[in-house]
Amino acid sequence: MMKQQIVLLDGAMGTMLQRAGLKLGDRPETLSVTAPQVVEDIHRQYVEAGAQMILANTFCANAHKLAGTGFAVGQVVTASVQAALRAAQGRAAVALDVGPIGEMLEPLGTLSFDEAYALFAQMIRAGVAAGAQAIFFETFSDLNELRAGVLAARETCSLPVFACMTFEQSGRTFLGCRADAAAMTLSGLGVQAVGVNCSLGPKEVAPILRAMRTATDLPLILKPNAGLPDPQTGEYRAQPEDFAADCEALLDAGAVYIGGCCGTSPAFIRALEKRLAGRTAQWQGKTVHGICSAGEICAFGQGVRVIGERINPTGKKRMKQALLDGEMGYLTLQAVEQAEAGAQILDVNVGLPGIDEADMMRRAVTAISGAVSLPLQIDASDPVVLEAGLRAAPGKCLVNSVNASRESLETVLPLVKKYGAAVVGLTLSESGLPQTAQERMELAKTILDAALAAGIPREDVAIDCLTLTVSAQQEQARQTLEAVRLVRRELGLETVLGVSNISFGLPQRSLATGVFLAQAVAAGLTLPIVNPNSREIMDVLSACRALSGEDAGCAAYIERHAAQQEPAKANVLAKASGEAAMSIEEAVLKGMKEEAGLLARRMLETMEPMTLVSEHLIPALDEVGARYERGQIFLPQLMNAAAASGAAFEEVRRATPPAQASDEGGPILLATVEGDIHDIGKNIVRAVLENTGYRVVDLGRDVKAERVAEEARRRGARIVGLSALMTTTVPGMERTIRMLREAGVTAPVIVGGAVLTAEYAARIGADYYAKDAKQCADIVRRLLG
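Keep in mind the model is a prediction, meaning the values are calculated, not measured.

A.B. asks: Would you take a moment to explain the nonpolar core for this structure?
C.D. replies: Soluble globular proteins tend to bury their nonpolar side chains together. By size, the foremost hydrophobic cluster in this structure holds 242 residues, and its most contacted members are Phe120, Ile135 and Phe137. Counting residues per element, this core draws most heavily on helix α6 (residues 113–130), at 10 residues. In this view, phenylalanine 137 contacts Val98, Phe120, Ile124, Leu146, Gly149, Val150, Ala153, Val161, Phe162, Ala163 and Cys164; residues no more than four positions away in its chain are not counted.

This is how it looks when you write it as structure tokens:
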């Protein structure tokens, strides 16, 4: 049982500024410079209500968000932190509040991880210089963006770091990040606490916070909204006493840092103080360990987990050429195929002479993470390459590998610790390959001891007892199996083997490999590195799981084998006959951009362009939308599918006579309304529409109503799309619609944003309300075809 005394945080800043007279178009953070007394007074109210940590008015004070305001990052951050310090007077700690940058990171957007890191580091250096006592990240939806921020904080200063994400009621962020995966990843990066803020009230947050608890031992942060606001009045309905009672119910989950987000006020903090002052939260430790991506956890200790081996140039001419050419499409194709075949972890090895291996590892990890949701094993011998992969991967990775040599232990284990990864230990040393199982066992102990000394938990260490070729060293097969038994029995660690190595040089390799795999699993192998595209190998694992009891009731075995169907061929581009092995619908569904374009080009040789669109591309996009609505895929997969369909639509455009072009006429005009600088949602809509064949003009963020009306009239816009996230800027949407109509623009208006509802959209004169990018694309398709 773990315990810690409750620390009360403050409540909303934006809501309070709005009540203090924040005007449409004002930037909340710049008020620390132009009206510091107003900001200081709000902080003081929270301190007097009982807050023990207050967040400086710096949420959007990054260079990207401040661009064009005339204010510098250092100027705003310094003024904000000093206002908070004056209000606190030593009675409360002051944290630098850091929110999202406002641009999507690669591969969904254009902002690189390193660019995001630099923007965060600039803020953090300014905050530290101004006297901030902690760094508090909040309202993130992209785990990799938050990782960039946390790493910037950890590498820039020694202050405690707190990290929050914002989730939908599904338990995922709108980008598909799971709460437990976020907790697992961030815990490994050395933060003080992890948690949830914004979007939902405390009752709705409860299951999300409890999901986090399963994957971390850290204290949790609870900073919920006072429910969602009434879009007509902007008022939040939750009462302070009820809010406090709902927060109190989460003390047993380990909610230690408790405050409020949108809609809360000093009255809410006062209610929390009344109930929770001096109280202690107690909680049980985590119940799940393993590795993860943003969207998926691979739990260790729960049976056999398959590591896919195909993204590796060794012995693969096509993979070597793809790496030489920088062809990320081929790597992502291999990732998608292995995921569909049953891999639960993907090994990524890009070691090839003649390339910049570190840059290639970064590019490969970024591309693969955007295509599939599986956790990754970063496979390299060079620590520089390992770090490039670890830095780019949005989750907790497995590092392959460290060995028992002093040099390896001293260079690899610090990277594993820094990035919160797990590690595979190869039973090798300076003396070379051990010949007996007992010798391998001793090297495994050496690796484990060094890992523990480096601060790496025992649960994050796996041991590779080495598979040698049986045709050359027959006795070593028995030694390997015995070493696996010893490691499992005496050390209780996860075990890894490159299973396919056993059959090099033999005929009927799959037979020998399959039998050895079965023997190894029986000996205690838990993480086999295999080719999941091999039906024979996956059949062996299916049987092993059924016989061991891992497959309860043999359900998966029965489902796999009852139909006795022949496996589909894996090559997407062409069979020997030249017939495409993958349909264009599959290419779109899997987000394979290059393949979708190639297949469209081939189909257009014998098919009318509009037939391709109506009978193939539109049904594929309908299925993508249906899967998104059912929660089977998430925004990254939706955008990949849109990009793949975009490649196919580009081929259609090239093959279509100008008179039939789908974008004939005016464009779709998009804008975030005046005063609102949050444009990620609009940017997603733009990407989806452009990649499904529509011509879009994006006016950007903080766009005056007069400009929207003039541009729509001048360009002959066929549809106008308006976005607003902040309650303070929603009235600007109504004004923009009114000015459109006064200018004689009759184009349908679609509105969207987190605080909007269909009822409010109708009240302000909008023609349509879209809750997300997929729904917006559906409306556009109905209107324009």
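A.B. asks: I'm lost on helix α27 (residues 705–715) in this one. Help?
C.D. replies: Among the residues of α27, Ala705, Val708, Ala709, Glu711 and Ala712 are the ones counted as buried. Turning to α27, the residues buried within the fold contact β22 (668–672), β24 (719–723) and α28 (730–742). Just past α27, the residue glycine 716 takes up positive phi, approximately 65°.

A.B. asks: Explanation requested: the environment of glutamine 377 in the structure shown.
C.D. replies: Assignment of secondary structure puts glutamine 377 in strand β15 (residues 376–379). Classification of glutamine 377 by relative accessible area gives buried; the value is 0%. For the pair formed by glutamine 377 and leucine 398, sequence separation is 21 residues and the distance between their alpha carbons is 4.5 Å. Apart from the residues within four sequence positions on either side, glutamine 377 is in contact with Ile307, Ile345, Leu346, Asp347, Val348, Leu398, Asn400, Val424 and Ile529.

A.B. asks: Help me understand the sheet that holds strand β18 (residues 422–426) in this model?
C.D. replies: Hydrogen bonds along the backbone pair up the strands of a sheet, which may run parallel or antiparallel. Here we have 8 strands rolled up into a closed barrel, ordered β13-β14-β15-β17-β18-β19-β20-β21, and parallel in their pairing. Strand-to-strand twist in this sheet, taken as the mean axis angle between neighbours without regard to direction, amounts to 30°. When strand β13 (residues 307–311) meets strand β21 (residues 527–530), the two strands line up parallel, connected through 2 bridges. Opposite isoleucine 307, over in β21, you have isoleucine 529 as the bridge partner. Running at roughly 170° to β15, helix α14 (residues 357–371) makes contact with β13, β14 (345–348) and β15 of the sheet.

A.B. asks: What exactly am I supposed to notice about the packing of helix α12 (residues 317–325) against helix α13 (residues 328–341) here?
C.D. replies: In helix packing, the relevant descriptors are the interaxial angle and the interaxial distance, both defined with respect to the helix axes. For the pair α12 and α13, interaxial distance at closest approach is 8 Å and the crossing angle is 135°. It follows that α12 is oblique to α13 by the angle criterion. For the pair α12 and α13, the contacting residues are Arg318, Met319, Ala322 and Leu323 in the first and Tyr330, Leu331 and Gln334 in the second. Grouping the amino acids of the contact of α12 with α13 by side-chain chemistry returns 5 nonpolar, 1 polar and 1 charged.

A.B. asks: Even after reading the chapter, I still don't get the side chain of lysine 223, so can you show me in this structure?
C.D. replies: Within the secondary structure layout, lysine 223 lies in strand β8 (residues 220–223). Judged by relative accessible area, lysine 223 falls into the buried class, the value being 3%. At 3.1 Å, the side chain of lysine 223 and the side chain of glutamate 138 are in polar contact. Lysine 223 has contacts with Leu9, Asp10, Leu55, Phe136, Glu138, Val196, Asn197, Cys198, Gly259, Gly260 and Cys261, leaving out every residue within four places of it along the chain.

A.B. asks: Looking at this model, I keep getting lost on the pattern of salt bridges. Mind explaining?
C.D. replies: Should the charged atoms of two oppositely charged side chains come close, the side chains can pair. Counted by the stated rule, this structure contains 41 salt bridges. The closest approach of N and O atoms between glutamate 651 and arginine 601, which form a salt bridge, is 3.5 Å. You can see glutamate 651 sitting in helix α25 (residues 635–655) and its partner arginine 601 sitting in helix α23 (residues 593–603), a full 50 residues away along the chain. Assessed through its relative accessible area of 9%, glutamate 651 is described here as buried. Between arginine 713 and glutamate 710 there is a salt bridge, and its shortest N-O distance comes to 2.7 Å. With arginine 713 and glutamate 710 both in helix α27, this residue pair falls 3 residues apart, about one helical turn. With a relative accessible area of 34%, glutamate 710 lands in the partly exposed category. Because the salt bridges share partners, they merge into one network encompassing Glu155, Glu387, Arg391 and Lys418.

A.B. asks: Help me out: how do you make sense of the packing of aromatic side chains in this one?
C.D. replies: Two descriptors summarise a pair of aromatic rings, namely the distance from one centre to the other and the angle between the planes of the rings. Within the structure shown, the criterion is met by 6 aromatic pairs. Here phenylalanine 120 and phenylalanine 137 contribute two aromatic rings whose centre-to-centre distance is 6.0 Å and whose plane-to-plane angle is 85°, an arrangement assigned as edge-to-face. Within this pair, whereas phenylalanine 120 is found in helix α6, its partner phenylalanine 137 is found in strand β5 (residues 134–140), the two being separated by 17 residues in sequence. What makes phenylalanine 120 buried here is its relative accessible area of 0%. Here phenylalanine 137 and phenylalanine 140 contribute two aromatic rings whose centre-to-centre distance is 6.0 Å and whose plane-to-plane angle is 65°, an arrangement assigned as edge-to-face. Taken together, Phe120, Phe137 and Phe140 form an aromatic cluster joined through their ring pairs. Between the NZ or CZ atom of arginine 318 and the centre of the ring of tyrosine 330, over which it lies, the distance is 4.3 Å.

A.B. asks: Would you explain the environment of alanine 687 in this entry?
C.D. replies: Tracing the chain through its elements places alanine 687 in helix α26 (residues 680–690). Judged by its relative accessible area of 17%, alanine 687 falls in the buried class. Considered as a pair, alanine 687 and leucine 108 are 579 residues apart in the sequence and their alpha carbons are 9.1 Å apart.

A.B. asks: What should I look at first to understand the pairing of strand β9 (residues 255–258) in this one?
C.D. replies: Side chains on a regular strand alternate between the two faces of the sheet. Note: strand β2 (residues 7–8) against β9, 2 bridges, orientation parallel. Bridging from a neighbouring strand, leucine 8 pairs with isoleucine 258 of β9. Summarising the sheet, β8 and β9 pair through 3 bridges and their orientation is parallel. Bridge pairing links leucine 220 to alanine 255 in β9.

Scoring rules and cut-offs
Chains are numbered independently. Their residues run from 1 in the order of the written sequence. Local features in this predicted model are restricted to residues whose pLDDT is 70 or higher, and side-chain atom pairs enter the listing and the counts only when it is 80 or higher, whereas totals over whole chains, interfaces and linings include all residues. The basis for every side-chain value is the complete set of non-hydrogen atoms in the structure, without hydrogens or water. For our purposes a nonpolar core is just a set of buried Ala, Val, Leu, Ile, Met, Phe, Trp, Tyr and Cys residues, chained together by side-chain atoms within 4.5 Å. Accessible area is worked out with a 1.4 Å probe on protein chains only. A residue is then buried under 20% of its type maximum, exposed over 50%, and partly exposed in between. Under the scheme used here, helices are H or I runs from DSSP no shorter than 4 residues and strands are E runs no shorter than 2 residues, and both carry numbers assigned from the N terminus. Here, residues are in contact when the closest pair of their heavy atoms is within 4.5 Å. By the convention used here, strands pair only if DSSP detects at least 2 bridges between them. Axis geometry follows a simple rule: fit a line to the C-alpha atoms, using only the stretch in contact for helices, then measure angles between N-to-C directions, giving values from 0 to 180 degrees. Comment on the angle field: the value is read as roughly parallel under 35 degrees, roughly antiparallel over 145, roughly perpendicular from 65 to 115, and oblique elsewhere. Gly falls in the polar group here, along with every residue not listed as nonpolar (Ala, Val, Leu, Ile, Met, Phe, Trp, Tyr, Cys, Pro) or charged (Asp, Glu, Lys, Arg). Within 3.5 Å is the distance limit for a polar contact, defined as a pair of N or O atoms, with the added protein rule that one can donate a hydrogen and the other accept it, and that residues adjacent in sequence qualify only through two side-chain atoms. Between Lys or Arg on one side and Asp or Glu on the other, a salt bridge is scored when a side-chain nitrogen of the former is within 4 Å of a carboxyl oxygen of the latter. When two rings of Phe, Tyr or Trp (its six-membered ring) have centres within 6.5 Å they constitute a pair, described as stacked for plane angles under 30 degrees, edge-to-face for angles over 60, and tilted for the intermediate range. A ring is scored as having a charge over it whenever the NZ atom of a lysine or the CZ atom of an arginine sits within 6 Å of its centre and within 35 degrees of its normal.

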